[in-house]
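# Overview (structure and organization)
Each chain is listed here by its residues.
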Amino acid sequence: MNPAEPLATGGVCLVIDEMHASLEAMLQAIGVKIDYCPHLTAAEVPAALAAYPYEGLMVRSKLRITADLLSHGPQLRYIARAGAGVDNIDEPALAAAGVTLLNAPEGNRDAVGEYAMGLLLALLRNIVPAHQEVRQGQWRREANRGEEVGGKTIGLLGYGHMGRAFARRLRAFGCTVLAHDIDPACPADDFATLVSLAELQARAEVLSLHIPYSAANHHFVNEALLQGFQQPFWLLNTARGEVLDHAAAVQTLQAGKLRGAALDVLENEKLSTLSADQRARFDYLSTAPNVILSPHIGGWTHQSYARINEVLVKKIGAFLSDNKTGAAGS
């Protein structure tokens, strides 16, 4: 962006990650100019913020939003996170700087709900090992006899956008869906019954994780929680890898208490940087026949890629409309 150019009525938003091509037209429609710079490295962003009075910064997961970063952009009014998770954003630092956080869980909740359903079907029906065996010339029907999803009691840990999207899909399979959320104001609906964690552990045959990552949620799903289940169960994680203690998960799998696991997220997703302990756990998980691994693609569809733009731009527009005082050009 040329510093000599006049500011748009909605200011200028710096975008530092790859976004769907529809973004520019959508932002222009609400009076926001875009400086699209996905080539910027995390180290280059502070200088970019200092060089121009951006009012908005749109990010995915390339960059950590810290107090130090915000000090380079004192004119920032909002951070737009293109996705659901905000674990790379220091929310107290934003509050102290008077910067508003906007994110888009509505943009990929359906993608995550569908993917969790797919993982559950693949896990219970042995789809992955059966596929691999047939490709190798093996025809093992009895060894791959599976379990039906219908009639199962599914426990959801966390009942926000993602958990609800999964619950809606489970209803069509005739499942009993139990959900536990730490928010006492979590609204009930027709797709799941809100229960205590103890009741979820007593009744669930499948545990699906839908909680965000935070310091408080680090290894929330630990050995004690896993051992607290009253019967052997399956585990799904489409949330964040760090909410699950992978050492405890491996131990529970090896003991047979965990019948299988489908993990779309891992404790360290930069596989070239695994520590020795992480490597040992990854080697076990990647070779266990009752474990499915995928590269954090639950919310990663062509449709959600565009829908996230729609959600974010709508929220940016509402924010600018509600906070006209001090906006550029107002």
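As the structure is a computational prediction, the values presented were derived from the model and not from experiment.

### Section: the environment of N108
For N108, the position within the fold is in helix α5 (residues 105-124). For the pair N108 and R145, spaced 37 residues apart in sequence, the C-alpha to C-alpha distance is 33 Å. Among residues more than four places away in sequence, those in contact with N108 are A84, M162, G299, S304 and I308.

### Description of the nonpolar core
Residues L207, L209, V221, F229, L235, L244 and L263 are the most contacted members of the largest nonpolar core, which totals 29 residues. At the level of elements, β9 (206-209), α9 (223-227), β10 (233-237), α10 (246-255), β11 (258-263) and α11 (276-287) are the ones that each hand at least two residues to this core. With sequence-adjacent residues up to four places away left out, V221 is seen in contact with L157, L209, L226, V243, L244 and D245. Residues A122, L123, L124 and V206 belong to the second largest nonpolar core, which totals 24 residues.

### Notes on unusual backbone geometry
The residue H219 is not glycine, and still its phi comes out positive at about 55 degrees. Tracing the chain through its elements places H219 in the loop between β9 and α9. Residue H219 is classed as partly exposed on the basis of its relative accessible area, which comes to 27%. A positive phi angle is found at H296, which is not glycine, with a value near 55 degrees. Tracing the chain through its elements places H296 in the loop between β12 (291-293) and α12 (302-322). According to the relative accessible area criterion, H296 is partly exposed, its value standing at 30%.

### Remarks on helix α7 (residues 161-171)
Those residues of α7 that fall on the buried side of the exposure criterion are M162, G163, R164, A165, F166, A167 and L170. Those residues of α7 that are buried lie in contact with α5, β6 (153-157), β7 (176-180), β9 and β10.

### A look at the packing of aromatic side chains
In total, this model carries three aromatic pairs according to the counting rule given. Measuring from ring centre to ring centre gives 4.9 Å for Y52 and Y54, while their planes differ by 55 degrees; the resulting arrangement is tilted. A single burial state applies to Y52 and to Y54, both of which are buried. Seen from their ring centres, Y78 and F319 are 5.6 Å apart, and the 65 degrees between their planes marks the pair as edge-to-face. With a gap of 241 residues between them, Y78 in strand β4 (residues 78-81) and F319 in helix α12 connect regions that are remote in the sequence. Residue classification places Y78 among the buried positions, given a relative accessible area of 0%. With a relative accessible area of 11%, F319 lands in the buried category.

### Quick look at the UniProt feature "domain: D-isomer specific 2-hydroxyacid dehydrogenase NAD-binding" (unreviewed entry) in the protein
UniProt records the feature "domain: D-isomer specific 2-hydroxyacid dehydrogenase NAD-binding" (unreviewed entry) for residues 117-298 in the present numbering. Annotated as 34% helix and 16% strand, the span residues 117-298 places its first and last C-alpha atoms 10 Å apart.

### A short note on the pairing of strand β5 (residues 100-103)
With four bridges connecting them, β4 and β5 associate as parallel partners. Considered in β5, the bridge of A80 is made with L102. The handedness of the β4 to β5 crossover, carried by helix α4 (residues 91-97), is right-handed.

### Thoughts on empty space enclosed by the protein
Taken as a whole and judged by the stated rule, the model has one cavity of 30 Å³ or more. Taken together, H246, L266, E267, N268, L271, L274, Q278, R281, F282 and L285 make up the full set of residues lining the largest cavity. Among the elements that make up the lining of the largest cavity, the one with the highest residue count is α11 (four residues). Among the residues forming the lining of the largest cavity, the class breakdown is five nonpolar, three polar and two charged.

### Some thoughts on the packing of α5 against α7
The relative placement of two packed helices comes down to the angle between their axes together with the axis-to-axis distance. Remark: α5 packs on α7, axes separated minimally by 8 Å, with the N-to-C direction vectors making an angle of 50 degrees. With respect to α7, the element α5 is oriented oblique. The chirality of how α5 crosses α7 is right-handed. When α5 is examined against α7, the residues P105, E106, N108, R109, D110, V112, G113, E114, A116, M117 and L120 are found in contact with a partner set consisting of H161, M162, A165, F166, R168, R169 and L170. Classifying every residue of the contact of α5 with α7 by side-chain character gives nine nonpolar, three polar and six charged.

### Remarks on the domain arrangement of the protein
According to the domain assignment, the protein contains domain 1 (10-103 + 302-328) and domain 2 (108-293). Inter-centroid distance (C-alpha atoms) of domain 1 to domain 2 is 32 Å. With six residues of domain 1 at the interface, the matching set in domain 2 holds five residues. At the boundary of domain 1 with domain 2, total buried surface from both sides reaches about 490 Å², with 52% on carbon and sulfur atoms. Counting every contact that joins domain 1 to domain 2 gives one salt bridge. R240 serves as the salt-bridge partner of D87, at 3.1 Å between the closest nitrogen and oxygen. Seen at the junction of domain 1 and domain 2, the total is one residue pair in polar contact (both at pLDDT 80 or more). In the side of domain 1 that touches domain 2, the residues fall into two nonpolar, two polar and two charged.

Here is what the cut-offs are and how they apply
- Residues numbered from 1 in each chain as written.
- Predicted model: local features only at pLDDT ≥ 70, side-chain atom pairs only at ≥ 80, totals over all residues.
- Heavy atoms only, no water.
- Helix = DSSP H or I, 4+ residues; strand = E, 2+ residues; numbered from the N terminus.
- Contact = heavy atoms within 4.5 Å.
- Core = buried A, V, L, I, M, F, W, Y, C linked by side-chain atoms within 4.5 Å.
- Buried < 20%, exposed > 50% of the residue type's maximum accessible area, 1.4 Å probe, protein only.
- Phe/Tyr/Trp six-rings, centres within 6.5 Å; stacked < 30°, edge-to-face > 60°.
- UniProt positions renumbered as here; feature names shortened; annotations may be inferred.
- Pairing = 2+ DSSP bridges.
- Right-handed = clockwise from strand over helix to strand, strands pointing away.
- 1 Å grid on protein atoms, 1.4 Å probe; cavity = no way out; pocket = protein on both sides within 12 Å on 5 of 7 lines; lining within 4 Å.
- Points joined across faces, edges and corners; volume = space filled by probe spheres on them.
- Nonpolar A, V, L, I, M, F, W, Y, C, P; charged D, E, K, R; others polar.
- Axes fitted to C-alpha atoms, helices over the stretch in contact; angles between N-to-C directions.
- Parallel < 35°, antiparallel > 145°, perpendicular 65-115°, else oblique.
- Left-handed = near helix turned anticlockwise from the far one by under 90°.
- Domains from an automatic or database assignment.
- Buried area = accessible area lost by both parts, 1.4 Å probe.
- Salt bridge = Lys/Arg side-chain N within 4 Å of Asp/Glu carboxyl O.
- Polar contact = N/O pair within 3.5 Å; in protein donor to acceptor, adjacent residues only side chain to side chain.

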